[in-house]
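Residues per chain, in single letters:
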Amino acid sequence: MSGFEVDPEFYLISEATGLDIDQLMGLKKGFEGFDKEGSGKISQTTMQMILKSMGIRVEKDEIEGAVTEIEGYESGQFSFNQFCTVAAKFMTEDDEEQMKEELKEAFRIYDKEGNGYITTDVLREIISEI
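Residues numbered from 1 in each chain as written. Predicted model: local features only at pLDDT ≥ 70, side-chain atom pairs only at ≥ 80, totals over all residues. Heavy atoms only, no water.

Enquirer: Tell me about the packing of aromatic side chains, and name the residues and values.
Expert: The tally for this structure, following the rule as stated, stands at three aromatic pairs. Both rings, one in F31 and one in F80, keep their centres 5.5 Å apart while their planes meet at 75°; by these two values the pair is edge-to-face. Here F80 lies in helix α5 (residues 80–110) and F31 lies in helix α2 (residues 21–34), a separation of 49 residues in the sequence. Aromatic side chains F31 and F83 sit 5.9 Å apart centroid to centroid with 35° between the ring planes, which places their arrangement in the tilted category. With a gap of 52 residues between them, F31 in helix α2 and F83 in helix α5 connect regions that are remote in the sequence. (Phe/Tyr/Trp six-rings, centres within 6.5 Å; stacked < 30°, edge-to-face > 60°. Helix = DSSP H or I, 4+ residues; strand = E, 2+ residues; numbered from the N terminus.)

Enquirer: Can you lay out α2 for me, pointing to particular residues and giving the numbers?
Expert: Since one α-helical turn is 3.6 residues long, residues separated by three or four positions face the same way. Here α2 spans 20 Å end to end across 14 residues, near enough to the 20 Å set by a 1.5 Å rise per residue. Those residues of α2 that fall on the buried side of the exposure criterion are I21, L24, M25, L27, G30 and F31. Measuring from the backbone nitrogen of D22 back to the side-chain oxygen at the start of α2 gives 3.1 Å, which picks out D20 as the cap. (Expected span 1.5 Å × (residues − 1). Buried < 20%, exposed > 50% of the residue type's maximum accessible area, 1.4 Å probe, protein only. Polar contact = N/O pair within 3.5 Å; in protein donor to acceptor, adjacent residues only side chain to side chain.)

Enquirer: An account of the side chain of D111 is requested, with residue identities and associated values reported.
Expert: Summarising the element assignment, D111 is placed in the loop between α5 and α6 (120–129). As a buried residue without a salt bridge, D111 has its nearest oppositely charged side chain in R108, at a separation of 7.8 Å. A distance of 3.2 Å separates a polar side-chain atom of D111 from the backbone nitrogen of N115. Not counting residues within four places of it along the chain, the set of residues in contact with D111 comprises G116, Y117 and I118. (Lys, Arg positive; Asp, Glu negative; His and termini not counted. Salt bridge = Lys/Arg side-chain N within 4 Å of Asp/Glu carboxyl O. Contact = heavy atoms within 4.5 Å.)

Enquirer: Quick rundown of the nonpolar core? Include the residues and the values.
Expert: L27, L51 and F83 are the most contacted members of the largest nonpolar core, which totals 28 residues. Every element with two or more residues in this core is listed here: α1 (9–17), α2, α3 (44–53), α4 (60–67) and α5. Here the element with the most residues in this core is α5; it accounts for eight residues. Not counting residues up to four positions away in its chain, the partners in contact with F83 are L27, F31, I42, M47, I50 and L51. (Core = buried A, V, L, I, M, F, W, Y, C linked by side-chain atoms within 4.5 Å.)

Enquirer: Give a detailed account of the pattern of salt bridges, specifying residues and quantitative values.
Expert: Think of it this way: side chains of opposite charge can pair up when their charged atoms draw near. Counted under the stated rule, the structure contains four salt bridges. As a salt-bridge pair, E32 and K28 come within 3.9 Å of each other at their nearest N and O atoms. With E32 and K28 both in helix α2 and four residues apart, the pair spans about one turn of that helix. Since its relative accessible area comes to 49%, E32 is described here as partly exposed. The closest approach of N and O atoms between R124 and D121, which form a salt bridge, is 3.0 Å. Of the two residues, R124 and D121 both sit in helix α6, three residues apart, roughly one turn of that helix. By the burial criterion, R124 is exposed, and D121 matches it.

Now the structure itself:
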């Protein structure tokens, strides 16, 4: 990240949402790109468009459910911090799903006989490799 000035607010948002600085920088670029008037606020529809442009599939009802948990959501306008809170719900969910798939694949590699479990000997072998 050399050459980039990291907004100090990013560290607080990162701690609150679990998103890393690179993810926040990507969200900030999307937010600023869609906040044409420079008001510091975006709509729910815009929020969904930004996430979609980042490759994160979010259905309208999913985002509606997520924004209702945000304080001040009734206004229909969201600050960058609020946007990150909503985005984190979908971005970390994708990471968890990906991790589950990777773990399943790793398990299949060690479950050579395909019987749905690994032996303690295989588990010891895995742990010794780590």
